[in-house]
Amino acid sequence: MRKGNRILSGLLALVMAAVMLLCPAAAISYEPDFTPTSKAVYLENLDTGLILYEKNADEKMYPASLTKIMTAIVVLENVKDLDGETAEYPMWIQNMLYGTNASLGGLIVGEELTIRQLLTSALVQSGNESAMILAGYVGSGGMADFMPRDITTFVEMMNDKAKALGCTGTHFANTHGLHDDDHYTTAYDICLFTREALKHDLIREVVGTSVYTVPATNLSKARSLLNTNGLLTS
């Protein structure tokens, strides 16, 4: 899980680099002078559509916190006012995460944050509680007193979006990426939904955010969240 946290923004940054790279046609035959140790790899130039390198691109893999890329997509497609709408952190989400060794965004039960703040917490510091709050809020249609069943509704929305994007090897069982045998994807499918994610300004901004300051809330003074991508924070 924590490895997934470290590479969440790293993967987004890698794809951003691919977007900016203008590769000649000869790149099709390029072979790296190293052996990738990852079990699965899919690297594509998003400007030209050229596949630069692939390895087991359609093999079933567990995405860990890369799951939050799809979580963010669904939230952004269903919330109109990122700064005007707020959601509260309920105790039952804390109880569900207790003992799971989940990565957290440092939120306080009862705290109210805007959707933008929750999204940034989920993507910058890989906050699982933030992802679940967002899921409950969106899954309930924006209700303040959302329930666990609303997170289930949100997960169904994630799976529907994956299918709409052409993902054939993906199934989500949660919004954050804690391991579940029924929660999986492929390197190719990750490329599909990362490509979609980069259409959103907020996600493109988070790619390069090393430290995010959460303004003071009803229960906390302003505090800073450190990006889990070591390439940005070292």
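Values in this document were obtained by computation on a predicted structure and should not be read as measured data.

Conventions adopted
- Residues numbered from 1 in each chain as written.
- Predicted model: local features only at pLDDT ≥ 70, side-chain atom pairs only at ≥ 80, totals over all residues.
- Heavy atoms only, no water.
- Helix = DSSP H or I, 4+ residues; strand = E, 2+ residues; numbered from the N terminus.
- Polar contact = N/O pair within 3.5 Å; in protein donor to acceptor, adjacent residues only side chain to side chain.
- Core = buried A, V, L, I, M, F, W, Y, C linked by side-chain atoms within 4.5 Å.
- Buried < 20%, exposed > 50% of the residue type's maximum accessible area, 1.4 Å probe, protein only.
- Contact = heavy atoms within 4.5 Å.
- Pairing = 2+ DSSP bridges.

**Student:** Quick question: what am I supposed to make of the side chain of Glu44 here?
**Tutor:** You can see Glu44 is positioned in strand 1 (residues 41-44). Here the side chain of Glu44 touches Tyr42 through a polar contact of 2.9 Å, side chain to side chain.

**Student:** So what exactly am I meant to see when it comes to the nonpolar core here?
**Tutor:** Considering soluble globular proteins, one finds that nonpolar side chains tend to be buried as a cluster. Counting residues in each nonpolar core, the largest one holds 50 residues, and the members touching the most others are Met70, Val75, Ile115, Leu118, Leu119, Ile133 and Phe193. Every element with two or more residues in this core is listed here: helix 2 (67-78), helix 3 (91-97), helix 4 (115-124), helix 5 (128-139), helix 6 (148-164), helix 7 (187-197), helix 8 (201-207) and strand 5 (211-214). When residues of this core are assigned to their parent elements, the largest contribution, seven residues, is made by helix 2. Beyond its immediate sequence surroundings of up to four residues, Phe193 is in contact with Leu66, Ile69, Met70, Ile73, Leu165, Cys167, Phe172 and Thr185. In this structure, Ala40, Tyr42, Ala187 and Cys191 belong to the second largest nonpolar core, which totals five residues.

**Student:** Just to check I follow, could you spell out the pairing of strand 1 for this structure?
**Tutor:** Sheet faces and side chains relate simply in a regular strand, where the side chains alternate between the two faces. With four bridges connecting them, strand 1 and strand 2 (residues 51-55) associate as antiparallel partners. Among the inter-strand pairings, Tyr42 is bridged to a residue of strand 2, identified as Glu54. Linking two consecutive strands that pair antiparallel, namely strand 1 and strand 2, is a turn of six residues; a positive phi of about 80° is found at Gly49 within it.

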